[in-house]
Amino acid sequence: MGRKNLTDKRRKEIIKSFYKVAKKIGLENASIAKVADEMGISNGLVMHYFKTRDDLLIGLNEYILERHLNIVSSKEFGEINSEERLISFIESLFSRKWNRYFDDGVFYSCYALVYRKSDFKISFKRYLESLHEVLRSKLYEARENNVIANTDIEEATEIIFALIDGGYYYLGLFKEEETAYKKQVQLYVSYAMQLLKTG
């Protein structure tokens, strides 16, 4: 048990260092050697935990998921039992605060890998499915609490997730304080709420 915990801890440290290096110099330039340099350890020690760079990329993807799930599963939203809480939850999904938890440049570099690496594509798909599940469960909760009228939660989840995914990408071109940014977020949230309010 103790050895497994130590292994998990060491793997997490290496992944965090890989992320730090990728954030500084770009994911495409981040190598096992540069991670080892960042940590002040040997390449061999990194490779003891991650045999290849591809293994490290999968670990990084799991780290992204963990960080993002921490945001969307946050207790700050509480139970979705009012329209105000639902709006707050949906607004948070468009929020640039995600960038404070995980760098968008690294995230989108990871996303690009789904077109080049089949094992990474599988890992990234699991990541997106996990985020879908959080959104779906929150919408079911809102439906059970009579906050929304739409009974097709599966379809609503897919449409809202697509809106969030595309919207977040586009919103990256604006600063949070810009009027254009705020206007776009209001538009997306408004359409999501219209979808949820209709039966």
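In case you missed it, the structure is sitting above this.
The model shown is predicted, which means the values in this text are computed figures rather than measured ones. (Residues numbered from 1 in each chain as written. Predicted model: local features only at pLDDT ≥ 70, side-chain atom pairs only at ≥ 80, totals over all residues. Heavy atoms only, no water.)

Asks: Provide a residue-level description of the overall build of the protein chain, including the pertinent values.
Replies: Scanning the protein chain from terminus to terminus reveals 10 helices and zero strands. For the protein chain, the sequential pattern of α-helices and β-strands runs α-α-α-α-α-α-α-α-α-α. Along the first, second and third principal axes, the C-alpha set of the protein chain runs to 60 × 40 × 30 Å. Within the protein chain, the proportion of its 199 residues that are buried is 41%. Considering only contacts in the protein chain between residues 6 or more positions apart, those separated by 24 or more positions represent 67%. For the protein chain, the accessible area works out to roughly 11200 Å², and carbon and sulfur atoms hold 51% of it. Taking the average place of the 31 positive charges on the side chains of the protein chain and the average place of its 29 negative ones, the gap between the two points comes to 6 Å. (Helix = DSSP H or I, 4+ residues; strand = E, 2+ residues; numbered from the N terminus. Buried < 20%, exposed > 50% of the residue type's maximum accessible area, 1.4 Å probe, protein only. Contact = heavy atoms within 4.5 Å. Areas by Shrake-Rupley, 256 points an atom, 1.4 Å probe, with all protein chains shown as cover. Lys, Arg positive; Asp, Glu negative; His and termini not counted. Charge placed at Lys NZ, Arg CZ, Asp CG, Glu CD.)

Asks: Lay out the packing of aromatic side chains in plain terms, naming residues and giving numbers.
Replies: How two aromatic rings sit relative to each other is set out by the distance from centre to centre and by the angle between their planes. Applying the stated criterion across every chain yields a total of 13 aromatic pairs. Pairing Tyr63 with Phe102 gives two aromatic rings, centres 5.9 Å apart and planes at 65°, and the pair type is edge-to-face. Taken together, the residues Tyr63 in helix α4 (residues 53-72) and Phe102 in the loop between α6 (98-101) and α7 (104-112) connect sequence positions 39 residues apart. Look at Tyr170 and Phe174: their rings are 5.2 Å apart centre to centre, the planes differ by 80°, and that puts the pair in the edge-to-face class. Since its relative accessible area comes to 37%, Tyr170 is described here as partly exposed. Counting every residue linked through ring pairs, the aromatic cluster contains Phe107, Tyr108, Tyr111, Tyr115, Phe120, Phe124, Tyr127 and Tyr169. (Phe/Tyr/Trp six-rings, centres within 6.5 Å; stacked < 30°, edge-to-face > 60°.)

Asks: Provide a residue-level description of the layout of surface pockets, including the pertinent values.
Replies: The volume enclosed by the largest pocket comes to roughly 440 Å³. Residue assignment for the lining of the largest pocket shows that the elements contributing at least two residues are α4, α5 (83-94), α7, α8 (118-144) and α9 (153-171). Its residues assigned to classes, the lining of the largest pocket shows 19 nonpolar, two polar and two charged. (1 Å grid on protein atoms, 1.4 Å probe; cavity = no way out; pocket = protein on both sides within 12 Å on 5 of 7 lines; lining within 4 Å. Points joined across faces, edges and corners; volume = space filled by probe spheres on them. Nonpolar A, V, L, I, M, F, W, Y, C, P; charged D, E, K, R; others polar.)

Asks: I'd love a proper account of α8, names of residues and values included.
Replies: Here α8 is 27 residues long and its end C-alpha atoms lie 39 Å apart, about the 39 Å a rise of 1.5 Å per residue gives. Listed in full, the buried residues belonging to α8 are Phe120, Ser123, Phe124, Tyr127, Leu131, His132, Val134, Leu135, Arg136, Lys138, Leu139 and Ala142. (Expected span 1.5 Å × (residues − 1).)

Asks: Describe the pattern of salt bridges, naming the residues involved and giving the relevant values.
Replies: Overall, the coordinates contain 11 salt bridges when judged by the stated rule. Between Glu38 and Lys20 there is a salt bridge whose closest N-O contact spans 3.3 Å. Taken together, the residues Glu38 in helix α2 (residues 32-39) and Lys20 in helix α1 (residues 2-25) connect sequence positions 18 residues apart. Here Glu158 and Arg136 are joined by a salt bridge, their closest N and O atoms 3.8 Å apart. Of this pair, Glu158 sits in helix α9 while Arg136 sits in helix α8, and the two are 22 residues apart along the sequence. Taken together, the salt bridges that share partners define one network made up of Glu133, Arg136, Glu154 and Glu158. (Salt bridge = Lys/Arg side-chain N within 4 Å of Asp/Glu carboxyl O.)

Asks: Before we move on, could you go through α7 and cite the residues and values that matter?
Replies: Residues of α7 that are buried include every one of Asp104, Val106, Phe107 and Cys110, and no others. Buried residues along α7 cover an arc of 160° about the axis, so they all sit on one side. (Arc of directions from axis to C-beta.)

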